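Single-letter residue listing:
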Amino acid sequence: MRVRVLGSAAGGGLPQWNCRCAVCRLARAEPQRVIPRTQSSIAVSNDGEHWALINCAPEVLSQLQREPALQPNRDDRHTPIQSILVTNGDVDHVAGLLSLRERSPFRLYATPEIHGVLRSNPIFNVLAPDCVERRDVALDSRIELLPGLMATVFAVPGKTALYLEGDEVDIGAEGESTVGVEFELDGQRLYYIPGCATVTPRLAERLEGASALLFDGTLWRDDEMIHAGVGQKTGQRMGHMSMSGPQGSMTALADVAIDRRIFIHINNTNPVLIEDSAERREAEDAGWEIAFDGMEITP
Ligand code: MLT
Ligand code: MN
Ligand code: ZN
């Protein structure tokens, strides 16, 4: 199994177009200290020939241009991308679909709820139904994402997409709105969970013995955006648990046996993005890697 990180940043990317926080400023001024990143998406393959995208970021076209394996390699019109699965309806995970409308067939997998969200936004009808087959994925059922590559989606604590929020928001809800993905090949299990509000005992149990985990690395600390002066929301309010602290993911997963643990979907305010920061060192000392665009994972 091969996993290629196409984009490792959270919504907004790095640097974010309208942000002058300390990390965004460094990404512009010293890109060797803060490597710029596009929004979260991975590509997965079991044979190097057929690929699936998990999430489809607004930058998908430039992400594909950087990856020779994902470019057409036969006939006049061709793509190695056979399927796309989205883990929620967030803009950073679905907007790229609008850029893949040039009549190449692929299967689009999502939970029935997320397909409902896409269907209620008629702009997604640019994906012609005779080309793009929208397939429902039931929670906890195995699908053959690519020939020979099985995947299972499962509910993780999350919340509805920002643009669907009503007066009351159910944060930490477990259902079809936010899912993680388990890939299984030759006895190896790999997980991609770019959004997660908390690690439940059930989730920790599921992850036990994993070969690799790509996990929600949105914020270092819960009040980071308020602290940086760029927003009023906490991580919890956004449905993202932080990396650090007693309630953080590093603590929650410390005793779970996982061969490689990697943070992805990292917000531009997160100091872990600074190569020589104390936070980066702390995460690495705890056994975590920080994803970057182009990272290759072969579990
Ligand atoms: C998130 O991960 O919380 C969303 O991508 C936020 C957003 O839509 O900007
Ligand atoms: Mn996001
Ligand atoms: Zn910023």
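Residues numbered from 1 in each chain as written. Chains lettered and ligands numbered in written order. Predicted model: local features only at pLDDT ≥ 70, side-chain atom pairs only at ≥ 80, totals over all residues. Heavy atoms only, no water.

Focus on the site of ligand 1
Consideration 1: In the neighbourhood of ligand 1, the contacting residues comprise D90, D92, M238, H240 and H265.
Consideration 2: Between ligand 1 and D92, the relevant distance is 3.0 Å, taken from an oxygen atom to a side-chain nitrogen or oxygen of the residue.
Consideration 3: Within the contact set of ligand 1, an oxygen atom lies 2.8 Å away from a side-chain nitrogen or oxygen of H240.
Consideration 4: Computed on the free molecule, ligand 1 has an accessible area of 270 Å², of which 76% lies beneath the protein chains in the complex.
Consideration 5: Taken together, the residues that form the shell around ligand 1 break down as 1 nonpolar, 2 polar and 2 charged. (Near = heavy atom within 4 Å. Polar contact = N/O pair within 3.5 Å; in protein donor to acceptor, adjacent residues only side chain to side chain. Areas by Shrake-Rupley, 256 points an atom, 1.4 Å probe, with all protein chains shown as cover. Nonpolar A, V, L, I, M, F, W, Y, C, P; charged D, E, K, R; others polar.)

Observations concerning the UniProt feature "domain: Metallo-beta-lactamase" (unreviewed entry) in the protein
Consideration 1: Taking the UniProt record as the reference, the feature "domain: Metallo-beta-lactamase" (unreviewed entry) is found at residues 50–266.
Consideration 2: Between the end C-alpha atoms of residues 50–266 the distance is 27 Å, and the span holds 17% helix and 27% strand. (UniProt positions renumbered as here; feature names shortened; annotations may be inferred. Helix = DSSP H or I, 4+ residues; strand = E, 2+ residues; numbered from the N terminus.)

Looking at the coordination of the zinc ion (ligand 3)
Consideration 1: For the zinc ion (ligand 3), every protein donor is listed as C19 (SG), C21 (SG), C24 (SG) and N268 (OD1), and the spread of their distances is 2.2 to 2.4 Å.
Consideration 2: Of note is the zinc ion (ligand 3), whose 4 donor atoms meet at the metal with angles of 99 to 117 degrees in an arrangement that counts as tetrahedral.
Consideration 3: Spacing between the donor residues of the zinc ion (ligand 3) along the chain follows C-x1-C-x2-C-x243-N. With C24 in helix α1 (residues 22–29) and N268 in the loop between β12 (258–264) and α9 (278–285), this pair connects stretches of sequence that are 244 residues apart. (Donors = N, O, S within 2.8 Å, 3.2 Å for Na, K, Ca; no water. Tetrahedral: all angles 85-135°; square planar, octahedral: opposite > 155°, others 65-115°.)

Concerning the coordination of the manganese ion (ligand 2)
Consideration 1: Looking at the manganese ion (ligand 2), one finds its protein donor set to be D92 (OD) and H265 (NE2), positioned 2.1 to 2.2 Å from the metal centre. With a gap of 173 residues between them, D92 in helix α3 (residues 91–94) and H265 in the loop between β12 and α9 connect regions that are remote in the sequence. Judged on exposure class, the residue D92 and its partner H265 are both buried. (Buried < 20%, exposed > 50% of the residue type's maximum accessible area, 1.4 Å probe, protein only.)

Points about the nonpolar core
Consideration 1: Grouped together as the largest cluster of nonpolar side chains are 36 residues, with contacts concentrated most on I193, L207, L213 and F215.
Consideration 2: For this core, the secondary-structure elements that each account for two or more residues are α1, β10 (188–193), α5 (201–207), β11 (210–216), β12 and β13 (288–290).
Consideration 3: Take this core: its biggest share by element is 4 residues, from α1.
Consideration 4: Setting aside residues up to four positions removed in sequence, I193 forms contacts with F154, V156, G180, L203, L207, L213, L214, F215 and D216. (Core = buried A, V, L, I, M, F, W, Y, C linked by side-chain atoms within 4.5 Å. Contact = heavy atoms within 4.5 Å.)

Concerning unusual backbone geometry
Most peptide bonds take the trans configuration, and most residues that are not glycine carry a negative phi.
Consideration 1: Of the consecutive residues L14 and P15, the connecting peptide bond is found in the cis state with omega at -5 degrees.
Consideration 2: By the element assignment, P15 lies in the loop between β1 (2–7) and α1.
Consideration 3: Positive phi, normally seen in glycine, also occurs at H265, with a value near 55 degrees.

Some thoughts on the environment of D47
Consideration 1: Its place among the elements puts D47 in the loop between β2 (41–45) and β3 (51–54).
Consideration 2: Judged by relative accessible area, which is 41%, D47 ranks as partly exposed.
Consideration 3: A C-alpha to C-alpha distance of 9.1 Å links D47 and G148, two positions 101 residues apart in sequence.
Consideration 4: Here the side chain of D47 touches E49 through a polar contact of 2.8 Å, landing on its backbone nitrogen.

Things to note about empty space enclosed by the protein
Consideration 1: Under the criterion given, the structure shown has 1 cavity of 30 Å³ or more.
Consideration 2: Estimates place the volume of the largest cavity at around 40 Å³.
Consideration 3: The class makeup of the residues in the lining of the largest cavity is 4 nonpolar, 4 polar and 3 charged. (1 Å grid on protein atoms, 1.4 Å probe; cavity = no way out; pocket = protein on both sides within 12 Å on 5 of 7 lines; lining within 4 Å. Points joined across faces, edges and corners; volume = space filled by probe spheres on them.)

A short note on the pattern of salt bridges
Consideration 1: Counted according to the given criterion, the structure contains 18 salt bridges.
Consideration 2: The salt bridge partner of D293 is R66, with a shortest N-O separation of 3.6 Å. Here D293 is found in the loop between β13 and β14 (296–297), whereas its partner R66 is found in the loop between α2 (60–65) and β4 (81–85), with 227 residues between them in sequence.
Consideration 3: Residue classification places D293 among the buried positions, given a relative accessible area of 17%.
Consideration 4: When salt bridges that share partners are traced, they join R2, R4, E67 and E296 into one network. (Salt bridge = Lys/Arg side-chain N within 4 Å of Asp/Glu carboxyl O.)

A word on the pairing of β10
Consideration 1: Sheet topology note: the strand β9 (residues 179–185)/β10 ladder contains 5 bridges and is antiparallel. By the bridge assignment for β10, F183 is matched with L190.
Consideration 2: Once β9 ends, the chain turns through 2 residues before running back antiparallel as β10, passing D186 with a positive phi of about 45 degrees.
Consideration 3: Bridge count for β10 against β11 is 4 bridges, and the pairing is parallel. Along β11, the bridge assignment pairs Y191 with L213. (Pairing = 2+ DSSP bridges.)

Digging into helix α4 (residues 112–119)
Consideration 1: Residues of α4 that are buried: I114, H115, V117 and L118. The buried residues of α4 occupy one face: seen down the axis, they fall within an arc of 155 degrees.
Consideration 2: On the buried face of α4, the contacting elements are α3, β5 (106–110) and β6 (132–136). (Arc of directions from axis to C-beta.)

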